[in-house]
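If you want the building blocks of each chain, they are given just below.
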There are 4 protein chains.
Amino acid sequence: MNSAQSGVALESLRLPEDPQALAELSARLMYDNDPATQGLGISLIEVTPGCARMQMTVRPDMLNGHRTCHGGFIFTLADSTFAFACNSRNQATVASGCTIDFLAPGLLGDVLTADASEASLAGRTGVYDILVTNQDGKRIALFRGRSYRIKGTVVEEAMRANFEVVAGDGNV
Amino acid sequence: MNSAQSGVALESLRLPEDPQALAELSARLMYDNDPATQGLGISLIEVTPGCARMQMTVRPDMLNGHRTCHGGFIFTLADSTFAFACNSRNQATVASGCTIDFLAPGLLGDVLTADASEASLAGRTGVYDILVTNQDGKRIALFRGRSYRIKGTVVEEAMRANFEVVAGDGNV
Amino acid sequence: MNSAQSGVALESLRLPEDPQALAELSARLMYDNDPATQGLGISLIEVTPGCARMQMTVRPDMLNGHRTCHGGFIFTLADSTFAFACNSRNQATVASGCTIDFLAPGLLGDVLTADASEASLAGRTGVYDILVTNQDGKRIALFRGRSYRIKGTVVEEAMRANFEVVAGDGNV
Amino acid sequence: MNSAQSGVALESLRLPEDPQALAELSARLMYDNDPATQGLGISLIEVTPGCARMQMTVRPDMLNGHRTCHGGFIFTLADSTFAFACNSRNQATVASGCTIDFLAPGLLGDVLTADASEASLAGRTGVYDILVTNQDGKRIALFRGRSYRIKGTVVEEAMRANFEVVAGDGNV
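Rules behind the numbers
Residues numbered from 1 in each chain as written. Chains lettered and ligands numbered in written order. Predicted model: local features only at pLDDT ≥ 70, side-chain atom pairs only at ≥ 80, totals over all residues. Helix = DSSP H or I, 4+ residues; strand = E, 2+ residues; numbered from the N terminus. Buried ≥ 20, exposed ≤ 12 C-beta atoms within 10 Å, placed from the backbone. Contact = placed C-beta atoms within 7 Å. Least-squares fit on C-alpha atoms with pLDDT ≥ 70 in both. Nonpolar A, V, L, I, M, F, W, Y, C, P; charged D, E, K, R; others polar. Expected span 1.5 Å × (residues − 1). Pairing = 2+ DSSP bridges. Axes fitted to C-alpha atoms, helices over the stretch in contact; angles between N-to-C directions. Parallel < 35°, antiparallel > 145°, perpendicular 65-115°, else oblique. Left-handed = near helix turned anticlockwise from the far one by under 90°. pLDDT = per-residue confidence, 0-100.

Enquirer: Residues and numbers for the overall build of chain A, please.
Expert: In terms of regular secondary structure, chain A is built from four helices and six strands. Here chain A holds 172 residues, and the buried ones make up 49% of them. Put simply, of all contacts in chain A between residues at least 6 apart along the chain, 68% involve residues at least 24 apart.

Next up, the structure:
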């Protein structure tokens with residue numbers, strides 16, 4: 001569940017120079033420290049610099065009163081994929097604002113795939129488009145996220161989180 | 001968890017004429033049939049025609065890699081509150097699109113309150129504004145949702161869901 | 001400026017069955033009756049079913065206090081292109097909501113091109129993505145519009161507008 | 001049309017310490033250097049720190065093919081009001097992204113009023129809500145803008161623009 005358990009000795013990390021290797025390292029460390037994404041059963045299918053693909057199966061506890069997937073979980077899948085895409089260059093980045101258009105309902109058991117791609121990156125802000133489809137390729141939602149780069153790197157954040165867990169004062 | 005268990009004999013329901021009583025009935029039936037909202041520990045504080053207030057405490061399984069509440073759960077709280085507000089007149093209504101601006105992080109243990117109010121309702125479409133604050137009154141997020149009225153009523157949907165559960169073929 | 005002057009005898013129109021011909025007819029009639037789009041010097045480059053491309057040159061009267069193109073005119077270019085795309089099937093359609101992200105400024109004399117494509121069309125609602133670029137291919141803005149189909153057709157609307165002008169009781 | 005003509009001797013300006021006086025000075029200088037806002041006949045009714053109110057009458061050249069005010073001009077009115085609100089503290093600020101929901105059409109001759117208020121301001125980013133109503137108080141549109149503070153001040157920008165005009169190399 002955390003970096004220590006997954007066997008990554010962060011103290012001795014030498015950052016890879018290859019952008020693809022860096023994207024994969026950032027994504028692995030982020031995922032290891034992200035209880036929300038893990039808890040929803042979201043899996044990371046692929047990450048490249050600026051892009052990510054994740055999947056989630058609609059569970060009974062994700063249904064709303066209309067017997068369809070609560071829009072919040074579709075949003076969460078898209079938002080996680082957005083986060084993995086915009087943090088893929090090892091620069092800590094957060095979402096400042098997002099829009100989502102719901103096109104068709106997600107149903108119990110549906111396997112939803114979110115594809116994030118970078119539409120713009122200039123200075124500290126970026127814009128990412130995420131398309132959510134179901135197992136038949138049907139479009140479920142369109143998400144657009146605006147990102148804002150903060151201080152620090154993904155690897156540093158993971159090292160800090162890891163240290164807190166080892167030292168017993170983590171907040172998880 | 002469902003209407004049968006909560007003791008509402010839907011078959012004999014006479015719909016209240018008072019808008020406030022109708023709002024409360026719609027909300028209670030929706031909540032009883034909404035595993036997603038229940039599973040996140042979201043509680044309904046108040047509902048009036050066109051408005052709703054709900055609360056959620058940030059749990060460890062809602063944290064992301066930055067050690068703050070995953071934006072998806074803040075969105076989900078706001079989206080549920082939006083749903084209870086726009087269904088408060090017993091007309092089945094769904095979200096067509098939403099925007100969210102994240103203003104400050106939610107932290108572990110924070111009690112987040114979402115207040116939804118109706119900004120516009122014309123024909124089948126409405127616009128709702130939802131403000132999310134924490135226990136100190138600090139603004140955490142601004143959400144705006146566009147609603148679209150579909151066929152049917154909240155009470156009818158709940159009756160159908162209830163029948164499915166009693167008949168043993170429900171999907172929950 | 002209006003259909004009568006442009007020589008289209010609307011009374012005798014037989015609607016083309018070919019979707020492309022219908023898109024071109026709808027666009028021509030819309031453009032003839034759209035003083036706003038004409039007045040900004042926006043030209044229609046291309047229209048196909050669900051898509052449109054338009055161009056606008058940034059004029060001195062479009063500049064704001066930062067000496068860049070006022071975002072409102074970039075929005076207007078994108079919004080017009082959106083309108084021509086979503087009305088291209090001769091079904092009268094209006095915008096219900098739009099989002100725009102500004103990526104880079106438009107400068108005096110820049111030739112801005114907006115490309116609209118249909119991301120979704122289901123029932124009476126659609127979602128369209130519009131990309132605005134300058135003469136160097138640089139991305140200036142991303143626009144996403146939600147459309148809502150109303151009663152009537154583009155051709156009928158144009159006929160009505162045309163009749164009003166001929167009869168002398170038009171409101172232009 | 002520019003600061004020189006309006007008689008403000010920018011070189012000798014002492015910035016007022018009173019926030020309200022500073023807001024009014026910033027607004028006056030911005031307006032003097034904003035051909036777009038002037039050209040649409042938009043008038044500034046009131047400005048206070050973080051807030052602004054502007055008005056625009058729907059002209060024939062603002063109508064679209066539906067014989068209603070082109071959404072782009074409603075957006076532009078709201079966007080200008082947003083700009084005057086978020087620049088009211090004399091810190092140069094631009095829009096990064098906006099959303100608009102169209103609630104009712106604007107008609108020829110309608111007097112539209114836009115009221116902007118500050119929903120959030122933290123660090124370099126802010127969120128502003130703008131409500132557009134007509135002369136009967138009917139809600140025409142809801143606009144939400146995200147602002148981003150850049151380098152410089154409104155007064156400095158106006159001085160620079162003023163100098164360019166005097167020196168004969170201005171671009172207006």
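Enquirer: Account for the relation of the copies chain C and chain D, with residues named and values stated.
Expert: It takes a turn of 180 degrees to lay chain C on chain D, together with a shift of 0.0 Å along the axis; the resulting RMSD is 0.0 Å. Interpreted geometrically, this transformation is the action of a two-fold axis. The position closest to the rotation axis in chain C is occupied by the C-alpha of Thr99 of chain C, lying 2.1 Å away. The residues that chain C uses at the interface reappear at the interface of chain D in 100% of cases, marking a shared surface.

Enquirer: Explain the relation of the copies chain C and chain B residue by residue, including any values.
Expert: Structural alignment of chain C on chain B gives an RMSD of 0.0 Å, achieved by rotating through 180 degrees and translating 0.0 Å along the axis. Same-surface contact between copies: 100% of interface residues of chain C are shared with the interface of chain B.

Enquirer: Residue-level account of the interface of chain C and chain B, with values.
Expert: The interface is formed by five residues belonging to chain C together with five residues belonging to chain B. Element by element, the count of residues in the side of chain C that touches chain B is highest for strand β3 (residues 93–102) of chain C, at three residues. Looking at the side of chain C that touches chain B residue by residue, the classes come out as no nonpolar, four polar and one charged.

Enquirer: Lay out helix α1 (residues 19–32) of chain B in plain terms, naming residues and giving numbers.
Expert: Its 14 residues place the ends of α1 of chain B 20 Å apart at the C-alpha level, agreeing with the 20 Å of an ideal helix rising 1.5 Å per residue. For α1 of chain B, every residue scored as buried is listed here: Ala23, Leu25, Ser26, Ala27, Leu29, Met30, Tyr31 and Asp32 of chain B.

Enquirer: So what's going on with the pairing of strand β2 (residues 51–57) of chain C? Residues and values would help.
Expert: Residue and element names in this part refer to chain C. With burial as the criterion, only one face of β2 is covered, namely that bearing Ala52, Met54 and Met56; the residues Cys51, Arg53, Gln55 and Thr57 on the opposite face remain uncovered. Strand direction decides the pairing type here: strand β1 (residues 43–48) and β2, joined by five bridges, are antiparallel. For Leu44, the partnering residue across the bridge sits in β2 and is Met54. Pairing geometry for β2 and strand β4 (residues 111–122), over six bridges, is antiparallel.

Enquirer: Could you give an account of the packing of helix α3 (residues 71–86) of chain C against helix α3 (residues 71–86) of chain D, with specific residues and numbers?
Expert: In a pair of packed helices, the angle between the axes and the distance between the axes together describe the arrangement. Where α3 of chain C contacts α3 of chain D, the two axes come as close as 8 Å, and the packing angle between them is 155 degrees. With respect to α3 of chain D, the axis of α3 of chain C lies roughly antiparallel. As for how α3 of chain C packs across α3 of chain D, the hand of that crossing is right-handed. Across the interface between the two elements, Gly71, Gly72, Phe73, Phe75, Thr76, Asp79 and Ser80 of chain C of α3 of chain C pack against Gly71, Gly72, Phe73, Phe75, Thr76, Asp79 and Ser80 of chain D of α3 of chain D. Among the residues making up the contact of α3 of chain C with α3 of chain D, the classes are represented as four nonpolar, eight polar and two charged.

Enquirer: Break down the sheet that holds strand β4 (residues 111–122) of chain A for me, with residues and values.
Expert: Spatially, the 12 strands line up as an open sheet ordered β1(A)-β2(A)-β4(A)-β5(A)-β6(A)-β3(A)-β3(B)-β6(B)-β5(B)-β4(B)-β2(B)-β1(B), and their pairing is antiparallel. Only two strands of the sheet have a single neighbouring strand rather than two, namely β1 (43–48) of chain A together with β1 (43–48) of chain B. Strand-to-strand twist of the sheet, defined as the mean angle between neighbouring strand axes without regard to direction, takes the value 20 degrees.

Enquirer: For the sheet that holds strand β3 (residues 93–102) of chain D, give the residues involved together with the corresponding values.
Expert: Spatially, the 12 strands line up as an open sheet ordered β1(C)-β2(C)-β4(C)-β5(C)-β6(C)-β3(C)-β3(D)-β6(D)-β5(D)-β4(D)-β2(D)-β1(D), and their pairing is antiparallel. Strands at the two margins of the open sheet, each flanked by one partner only, are β1 of chain C together with β1 (43–48) of chain D. Each neighbouring strand pair of the sheet contributes to a mean axis angle of 20 degrees, computed without reference to strand direction.

Enquirer: Describe in detail the interface of chain C and chain D, supporting the description with residues and values.
Expert: Facing the 37 residues of chain C at the interface are 37 residues of chain D. Taken together, the elements giving at least two residues each to the side of chain C that touches chain D come down to α2 (35–39), α3, β3 and α4 (154–167) of chain C. Its residues assigned to classes, the side of chain C that touches chain D comprises 16 nonpolar, 15 polar and six charged. With five bridges connecting them, β3 of chain C and β3 of chain D associate as antiparallel partners. Counterpart to Ile100 of chain C in the pairing with β3 of chain D is Cys98 of chain D.

Enquirer: Pulling in residues and values, what's your account of the confidence of the model for chain A?
Expert: Residues and elements named next belong to chain A. Of the residues in chain A, 87% reach a pLDDT of 70 or more, and the chain-wide mean stands at 89. Note on residues 1–7: pLDDT under 50 across the span, and 16 contacts to partners over four residues away in sequence or across chains. Our summary of model confidence lists the complex with pTM equal to 0.89 and ipTM equal to 0.88.

Enquirer: Now, about the environment of Asn134 of chain A: what can you tell me, with residues and values included?
Expert: All names here are of chain A. Position of Asn134 among the secondary structure elements: in the loop between β5 (125–133) and β6 (139–149). Sequence-wise, Asn134 and Gly106 are 28 residues apart; in three dimensions their C-alpha atoms are separated by 7.5 Å. For Asn134, the residues in contact, after removing those within four places along its chain, are Gly106, Asp110, Val111, Leu112 and Ile140.

Enquirer: Tell me what's going on with unusual backbone geometry, and back it up with residues and numbers.
Expert: Notably, Arg67 of chain A is not glycine yet its phi reads approximately 65 degrees, a positive angle. For Arg67 of chain A, the position within the fold is in the loop between β2 (51–57) and α3 (71–86).

Enquirer: Tell me about the environment of Cys86 of chain C, and name the residues and values.
Expert: All names here are of chain C. Mapped onto the elements, Cys86 comes out in helix α3. A count of 28 C-beta atoms within 10 Å places Cys86 in the buried class. Leaving out residues up to four positions away in the same chain, Cys86 has contacts with Thr93, Gly126, Tyr128 and Ser147.

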